[in-house]
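Geometric and topological summary
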Amino acid sequence: MSSLLERIAAIEPELIGYRRQIHQHPEPGFEEKETTRLICQVLDEANIPYHSNGDKTGVIATLTGAKPGKVVALRADIDALKQTEQTGLEFSSQVPGVCHACGHDIHTATLMGAARVLSEYRDQLCGTIRFLFQPAEETLGGSRSMIENGALIDPPVDYLLAAHTWPDMPAGSVGVRKGGMLAASDHFVITVRGKSGHAAHPHRCIDPIVIGAHIITELQTIVSRRVAPVDSAVVSIGRLTAGNVSNVIPTEAVMEGTVRTLDAGTRENIRAWMEKMVTLTAEAMGGEAQLDYEYGVPPVFCDSYIVDCVSQAVTELLGPDKLLQVPTPSMGGEDFSFYMEKAPGAFIRLGTADERPESKGALHSPTTVFNEKAIATGVAALVGTAFLLTGTGLDPLK
């Protein structure tokens, strides 16, 4: 019997083909119909049973091993971003205004590869593997739809694992971190109301723009003066709108932003501090302001045991030089955290950087390219870790 790496190498051209097909035909959240059809085709060929994500896009598949063991869920997000690709790749997006700038096409191809390989080992496999091909991660709502439609039950999942491309690491490497990996992501809207009038007579008005500017400045003191220096938090305003013409002070100004935190207490404190800053600053300047605060995804904290299993699998199957430690959490958010409210999990990084400068760009940049070596690397990491978590062990893979 050939080794795991030999099996992956044999199908790697097909996996790259899947990736490029998805990349050329990107679909945004809850519109991933063609991507879902391709996933189902691969699952049918691998003889892995699956069911739909209710009336939404996405697929939930289950591979049952020949022997008893733990239930492990492997997740890939399948949606694209609404922006225009600027990579110049020969397989660039053919859909105007939509592209895979976050590497979800690589995630999907990687999990499709893991499903194909694991299906070949079902006679040696202990336990059960659940494959979660999830829509709408970018809008941070797809995981909830999957959970509602049975992603983590029948049988209930014991462990969770997801992988994400990472341009800060070399292609072929896997990054791990115990504890905090990603932040909670919350959204807020602040509406400031004043009194409109002619811009030449500001003393007869209450200027919501000036009030808004003071509020923005006050909000920046939260991280610098209220959050402990050893803690991590972000308060950012991403949108500010007010007025229509240059010579009229408007009645209203609206700003919109995000809060990112790792600690639950800090998360609650920031909301409370914002409430006071917003309302009292406006009141002191003669206006009024309202904060509408919406809790988003919780933080992602990686389970130590699962990270140890990932580390063992990568070290033994790919080599110790392929295992890297992620030094600090990212303040980005991920709806994988909703799964982790139900079972312990880990979130790993797949390096995608090479000698090309554009491979070291930012996620969500329309010019960033991803080295496809990450696909085979990801398959090996997912399959090896799944074998350890289910109780199968790595021997059948060598």
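Look up a bit, the structure's there.
This report concerns the structure included in the present document.

Conventions and cut-offs
- Residues numbered from 1 in each chain as written.
- Predicted model: local features only at pLDDT ≥ 70, side-chain atom pairs only at ≥ 80, totals over all residues.
- Heavy atoms only, no water.
- Phe/Tyr/Trp six-rings, centres within 6.5 Å; stacked < 30°, edge-to-face > 60°.
- Buried < 20%, exposed > 50% of the residue type's maximum accessible area, 1.4 Å probe, protein only.
- Helix = DSSP H or I, 4+ residues; strand = E, 2+ residues; numbered from the N terminus.
- Disulfide = S-S within 2.5 Å.
- Pairing = 2+ DSSP bridges.
- Axes fitted to C-alpha atoms, helices over the stretch in contact; angles between N-to-C directions.
- Core = buried A, V, L, I, M, F, W, Y, C linked by side-chain atoms within 4.5 Å.
- Contact = heavy atoms within 4.5 Å.

**With respect to the packing of aromatic side chains**
Taken as a whole, this structure holds five aromatic pairs when the rule is applied. Residues Tyr-293 and Tyr-295 carry aromatic rings whose centres are separated by 5.3 Å and whose planes lie at 65° to one another, so their mutual orientation is edge-to-face. Overall, the relative accessible area of 10% leaves Tyr-293 in the buried class. For the pair Phe-336 and Phe-347, a centre-to-centre distance of 5.9 Å together with 50° between the ring planes defines the contact as tilted. Of this pair, Phe-336 sits in helix H8 (residues 336-339) while Phe-347 sits in strand S16 (residues 345-353), and the two are 11 residues apart along the sequence. For the pair Phe-336 and Phe-347, one class covers both residues: buried. Counting every residue linked through ring pairs, the aromatic cluster contains Phe-336, Tyr-339 and Phe-347.

**Side note on the state of the cysteines**
With the rule as written, the count across this model stands at zero disulfides. Not part of a disulfide, Cys-99 finds its nearest cysteine sulfur in Cys-102, a span of 10 Å. Just so you know, Cys-302 is unpaired, no disulfide at all, and the nearest cysteine sulfur is the one on Cys-309, 13 Å from it.

**A short note on the sheet that holds strand S3 (residues 67-77)**
Strand order across the open sheet formed by eight strands is S1-S2-S4-S3-S5-S16-S6-S15, with mixed pairing between neighbours. The open sheet has two edge strands, strand S1 (50-53) and strand S15 (323-325), and neither has a second partner. Taking each pair of neighbouring strands and ignoring which way they run, the sheet shows an average axis angle of 30°. One ladder, built from four bridges, connects S3 with strand S5 (residues 159-170); its direction is parallel. Each residue of the ladder has a partner; that of Ala-73, found in S5, is Leu-160.

**A short note on the nonpolar core**
Soluble, globular proteins show a tendency: their nonpolar side chains are buried together. In this structure, Leu-4, Leu-74, Ile-129, Phe-131, Phe-133, Leu-160 and Val-383 are the most contacted members of the largest nonpolar core, which totals 85 residues. Looking at this core element by element, the count peaks at 12 residues for helix H9 (residues 373-390). Not counting residues up to four positions away in its chain, the partners in contact with Phe-131 are Ile-48, Val-59, Ile-60, Ala-61, Leu-63, Leu-74, Leu-111, Ala-114, Ala-115 and Leu-118. The next biggest cluster of nonpolar side chains, apart from the first, holds 22 residues, and it includes Ala-253, Met-255, Val-259 and Val-278.

**Details of unusual backbone geometry**
With an omega of -5°, the peptide bond running from Asp-154 to Pro-155 counts as cis. The residue Pro-155 is located in the loop between helix H4 (142-148) and S5 in this model. At Ala-136, a residue that is not glycine, the phi angle is positive and equals roughly 55°. Along the polypeptide, Ala-136 turns up in the loop between strand S4 (126-134) and H4. Overall, Ala-136 belongs to the buried group, its relative accessible area being 0%. Of note in the backbone geometry, Leu-140 takes a positive phi value of approximately 60° without being a glycine. Relative accessible area serves as the criterion here: at 24%, Leu-140 is assigned to the partly exposed category.

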